[in-house]
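# A structural walkthrough
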Amino acid sequence: MSEGVRTSLNHPGGGEAGDHALIELQRLADGAFAEVEATIDGDAESLLLYRDGDAVRAWLNICPHAGRRLDWAPGQFLKSKDGLLVCAAHGASFELTGGECVAGPCRGESLRAIAVSVRDGAVWLG
């Protein structure tokens, strides 16, 4: 996980989901991806964040095809020349508006979206 990323998993004293920022917005460049960990429904989960201007979208870092992580190395994601997220394991391609698989073995399925918001210069659960 990146330096400066605070979640309920690594913040002293723990806390409930949404108590701590996932990442400062300035650490996530426009059009870039980041991987953070957070507690979702009581479980530690890897999240994929994608910044689009002032908005950030988040999904579980799990390909619906085989349940494997999407990144090829921790926090390193592939983006096609067409602007699609590409699963490193099997090449499934996902559009970045809603996370729908538009090519590959899970065509028609979608990534599991996680609600996040941007406030006070950071990305938060919820």
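See above for the structure.
Residues numbered from 1 in each chain as written. Predicted model: local features only at pLDDT ≥ 70, side-chain atom pairs only at ≥ 80, totals over all residues. Heavy atoms only, no water.

## Some remarks on the pattern of salt bridges
All chains considered together, the criterion is met by four salt bridges. A salt bridge links Glu 35 to Arg 69, with the nearest nitrogen and oxygen atoms 3.7 Å apart. Taken as a pair, Glu 35 in strand β2 (residues 33–40) and Arg 69 in the loop between β4 (55–60) and β5 (78–79) lie far apart in primary sequence, 34 residues in all. Its relative accessible area of 9% is what places Glu 35 among the buried residues. Arg 69 gets classed as partly exposed once you look at its relative accessible area, which sits at 37%. Measuring nitrogen to oxygen at the nearest pair gives 3.3 Å for the salt bridge that ties Arg 57 to Asp 52. (Salt bridge = Lys/Arg side-chain N within 4 Å of Asp/Glu carboxyl O. Helix = DSSP H or I, 4+ residues; strand = E, 2+ residues; numbered from the N terminus. Buried < 20%, exposed > 50% of the residue type's maximum accessible area, 1.4 Å probe, protein only.)

## Here's the deal with the environment of Asp 54
Along the chain, the position of Asp 54 falls in the loop between β3 (43–52) and β4. Residues Asp 54 and Asp 30, spaced 24 residues apart in sequence, show a C-alpha to C-alpha distance of 8.0 Å.

## Let's talk about the pairing of strand β9 (residues 116–119)
Sheet analysis places β9 next to strand β10 (residues 122–125), joined by four bridges and oriented antiparallel. Residue pairing in the sheet places Val 118 in a bridge with Val 123 of β10. Between β9 and β10, which pair antiparallel and follow one another directly, the connecting turn spans two residues, one of which, Asp 120, has a positive phi of 55 degrees. (Pairing = 2+ DSSP bridges.)

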